[in-house]
Amino acid sequence: MRSKAAAKPYRRHIYQGDPLAAPPPPELMVILDRHRGEPDALITALEEIQAHYGYLPENSLRYTARELGFPLSRVFGVATFYNLFQFTAPGRYIIRVCKGTACHVNHSAEILSHLKERLGIDENETTADGLFTLQTVACVGACSLAPVLVVNDVTYGNMTPAKAWEALAELRGESTDGPSKEEVR
Amino acid sequence: MKPVRSMVLVSSDPESIQKGAQEVFQRLQQEVQAFGLEEEIAAAMVGDVGRHDAIPLLIVYPEAVIYGPVKPDDVRFLVEEHLLKGRIAAGLQAPARELSGRIAWLSARKGTLPAEQRIVLERAGLIDPEDIEDYIAHNGYEAVGRALSEMTPAEVIEEITRSGLRGRGGAGFPTGTKWRFVAKTQSDTKYIICNADESEPGTFKDRLILEGDPHSIIEAMTLAGYAVGAHEGYIYVRGEYGLAQERLGKAIQQARQMGFLGEDIFGSGFAFDIHIHSGAGAYICGEETALIESIEGKRGEPRSRPPFPTTYGLWGKPTVVNNVETLANVPPIIRNGAAWYRRFGTSSSPGTKVYTVLGSVNVTGLIEVPMGITLREVIAIYGKGMKRGTSFKLAQTGGSSGSIIPASLQDTPMDFDSFARAGVSLGSGALLICNDDTCVVDLATVLLNFFRGESCGKCTPCRIGTERTHQILTNLSEGIGKLSDLDDLLVLADGLNQLSNCGLGQTAAAPIRDILKHFRAEVEAHVRLKVCPTGVCSMSGRQAKAA
Ligand SMILES: Cc1cc2nc3c(=O)[nH]c(=O)nc-3n(C[C@H](O)[C@H](O)[C@H](O)COP(=O)(O)O)c2cc1C
Ligand code: FES
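Predicted model, so just to flag it, every value in this text is computed and none were measured.

So, the overall build of chain B
Along chain B, the regular secondary structure elements total 23 helices and 14 strands. For 547 residues, the compact-globule estimate of 2.2 N^0.38 gives 24 Å, and chain B sits close to it at 24 Å. Along the first, second and third principal axes, the C-alpha set of chain B runs to 75 × 65 × 40 Å. Of all 547 residues assigned to chain B, the portion counted as buried reaches 61%. Taking as baseline every contact in chain B between residues at least 6 positions apart, the subset at least 24 positions apart corresponds to 70%. Working note: accessible area of chain B is about 19600 Å², and carbon and sulfur atoms make up 51% of it.

Structure follows, in structure tokens:
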């Protein structure tokens with residue numbers, strides 16, 4: 001069944017007395033306008049919104065539902081289904097520890113628990129300084145390098161807990177200029 | 001192909017990229033220009049070349065000289081020595097080890113190694129994947145030309161049926177039969193979908209096909225479209241496969257420009273076009289009906305079947321869903337005929353199979369071998385044996401939905417039917433070779449943990465079954481399991497297998513049944529003796545109790 005998507009904004013009758021009384025911010029509107037009337041474009045629209053904000057702010061989901069004419073449940077349903085979508089702002093470095101089979105038998109769990117401990121955060125959380133987000137992934141297709149860690153787009157292979165922490169420490173050194181290298185230790 | 005004097009390829013698998021392949025490639029382009037050689041030398045990044053020991057590799061054709069590991073600073077010297085002066089820079093050559101993959105095949109032609117049989121990966125690593133002319137120069141688009149001018153759609157289906165090609169996406173369903181179902185169904189609109197969602201842990205064969213030879217998939221989909229009467233195709237590519245998407249995009253663009261896609265292909269009046277759809281990170285979207293839901297912009301939850309996609313697929317229209325590797329077999333079959341194809345592999349599973357060989361063997365990587373080869377041969381010939389001081393305990397096939405193959409089955413021919421008879425499955429093409437340090441309880445726990453996370457939650461047997469079995473396995477690995485747990489596991493495994501809506505739940509319990517069948521003593525040791533024989537499991541629950 002194809003669900004109907006709204007070709008025109010619903011704004012006029014819906015925004016009255018609504019907490020989101022203001023129309024969507026212009027940059028969001030640009031994205032939504034592109035997908036008006038396309039019933040299969042919900043995932044694409046959400047991808048573009050995430051590309052713009054780095055995550056999916058809750059209000060943007062509400063606006064998407066209204067503007068494109070989907071039930072809010074459908075928008076939340078889709079957004080929460082796919083691992084790609086995030087609901088909080090990610091840190092500057094997204095660390096993904098591989099827990100695929102090949103990495104697991106090479107002890108990736110130890111790396112994860114070490115990083116959790118050193119960073120003081122759990123999976124899918126971001127450090128207070130907004131620098132690191134810790135996630136896991138099931139195989140990045142670099143199994144011959146197992147265990148593997150991916151930071152943003154860079155793959156680090158043959159990791160140990162100590163080497164993983166070193167790599168992050170290096171990034172932290174890079175991300176601020178100069179003195180904070182000491183901070184790391 | 002442009003008349004170039006030399007072709008230089010730089011490996012660009014993830015490991016090579018990590019080790020600076022990108023910089024090497026940039027330097028290569030700069031230096032080639034600096035020496036004024038850009039007219040004579042073509043350069044390309046080619047994806048995985050099947051060798052991972054001296055990367056990044058730089059390969060110069062036609063001599064097939066392999067340099068590696070190449071550092072950006074070596075490039076100038078290499079260009080000057082080899083490309084300008086024509087002298088092989090021996091000092092920078094990769095060690096002449098026996099290799100797997102593409103290069104093994106190259107040296108095999110010189111009679112030094114048992115040859116792999118390359119059908120699917122025939123061109124990957126040999127041509128510039130971003131250049132349609134290079135593809136055409138290597139028999140590209142010949143099959144589609146032949147089909148459109150000399151064959152009826154029914155004859156194309158007949159040829160595929162006679163070749164005995166079976167789906168490489170996991171289930172081994174005969175491709176010709178699937179196409180015939182769709183061709184038979186009356187409908188004004190039909191679709192071809194290429195399933196490139198490949199998210200089984202340990203499997204990346206499809207990525208290498210897409211990155212190394214994207215046009216072969218376009219050609220195959222066009223053939224499928226002609227055969228069943230579809231005019232539109234989708235390639236559903238896993239979201240993480242950025243390079244593959246980019247290359248497919250370019251390939252589609254070029255194919256349109258050259259008239260291999262579009263309104264009137266080869267003046268035959270047949271129209272076909274292809275769209276790329278990027279996945280959004282959900283393993284279950286590899287399941288064909290979930291994939292269709294996802295293309296429609298919904299949650300990727302598998303549909304109940306029947307009706308099957310062959311009658312009620314994308315937007316309710318008859319749809320062919322085929323795996324990348326399956327499709328890559330199609331043009332060679334049409335080009336060379338079914339009889340040629342049947343020369344490879346076994347009679348019930350003709351052709352070749354691409355595997356990613358991983359784990360405790362000396363050489364890991366990608367191989368393409370005839371169906372029916374045994375695990376023992378793979379380990380000995382292509383893996384160059386087990387790592388020093390370890391012995392083979394089991395192999396896990398096909399990422400997570402595969403089976404656990406004990407050493408006792410290592411002489412079983414790897415083809416669909418022999419494996420089915422032995423009660424195991426070929427899965428998606430990963431071969432994780434484990435040595436005696438691997439604990440089967442731990443392995444099953446991690447597999448079930450994966451399914452638990454990836455279960456879409458739509459059907460209860462799968463949602464609860466994966467959760468419960470994972471919990472019990474965790475208890476075993478913590479040393480707080482009971483003997484009755486083992487019976488419970490089998491009951492749950494049966495429930496999962498028989499009641500689940502889709503293949504995820506149906507196969508999720510396979511590892512459990514495999515370990516209880518082949519490694520029961522080891523599992524029971526976790527319960528009766530409260531020890532993990534390999535020392536992998538933490539047994540922490542027991543210590544906590546004792547303390
Ligand atoms: C949970 C699950 C995941 C799957 N993942 C994939 C996949 O990543 N790639 C694939 O080609 N087939 C996958 N399949 C198999 C597809 O449902 C389908 O059988 C296949 O694409 C058919 O193509 P074939 O006939 O060429 O093998 C998966 C099946 C299940 C149940
Ligand atoms: S299992 Fe970690 S990269 Fe494949």
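Focus on the state of the cysteines
Residues and elements named next belong to chain B. For the structure shown, the criterion picks out zero disulfides over all chains. Cys194 takes part in no disulfide bond, and the closest cysteine sulfur to it belongs to Cys285, at a distance of 15 Å. Distance from the sulfur of Cys456, which forms no disulfide, to the nearest cysteine sulfur (Cys502) is 6.4 Å. Relative accessible area serves as the criterion here: at 18%, Cys456 is assigned to the buried category.

Overview of the site of ligand 1
Residues and elements named next belong to chain B. Lining the immediate surroundings of ligand 1 are 18 residues, of which Gly169, Lys178, Asn322, Asn323 and Thr326 lie closest. Contact distances for ligand 1 include 2.7 Å between an oxygen atom and a backbone N or O atom of Gly169. Asn195 is positioned with one of its side-chain polar atoms (N or O) 2.9 Å from an oxygen atom of ligand 1. Burial of ligand 1 by the surrounding chains reaches 90%, relative to a free accessible area of 620 Å². Within the residue set of the shell around ligand 1, elements represented by two or more residues are strand E9 (319-323) and helix H20 (503-508). With three residues, the single largest contributor to the shell around ligand 1 is E9. Of the residues that constitute the shell around ligand 1, the class distribution is three nonpolar, nine polar and six charged.

Here we look at the domain arrangement of chain A
Taken domain by domain, chain A comprises domain 1 (26-81) and domain 2 (93-174). Here the C-alpha centroids of domain 1 of chain A and domain 2 of chain A sit 30 Å apart.

So, the environment of Leu291 of chain B
All names here are of chain B. Following the sequence through the fold, Leu291 ends up in helix H12 (residues 288-295). Taking the C-alpha atoms as reference, Leu291 lies 26 Å from Pro153; in sequence the two are 138 residues apart. Not counting residues up to four positions away in its chain, the partners in contact with Leu291 are Ile193, Asn195, Tyr236 and Cys285.

Definitions and limits used
Residues numbered from 1 in each chain as written. Chains lettered and ligands numbered in written order. Predicted model: local features only at pLDDT ≥ 70, side-chain atom pairs only at ≥ 80, totals over all residues. Heavy atoms only, no water. Helix = DSSP H or I, 4+ residues; strand = E, 2+ residues; numbered from the N terminus. Rg over C-alpha atoms; globule rule 2.2 N^0.38 Å. Buried < 20%, exposed > 50% of the residue type's maximum accessible area, 1.4 Å probe, protein only. Contact = heavy atoms within 4.5 Å. Areas by Shrake-Rupley, 256 points an atom, 1.4 Å probe, with all protein chains shown as cover. Disulfide = S-S within 2.5 Å. Near = heavy atom within 4 Å. Polar contact = N/O pair within 3.5 Å; in protein donor to acceptor, adjacent residues only side chain to side chain. Nonpolar A, V, L, I, M, F, W, Y, C, P; charged D, E, K, R; others polar. Domains from an automatic or database assignment.

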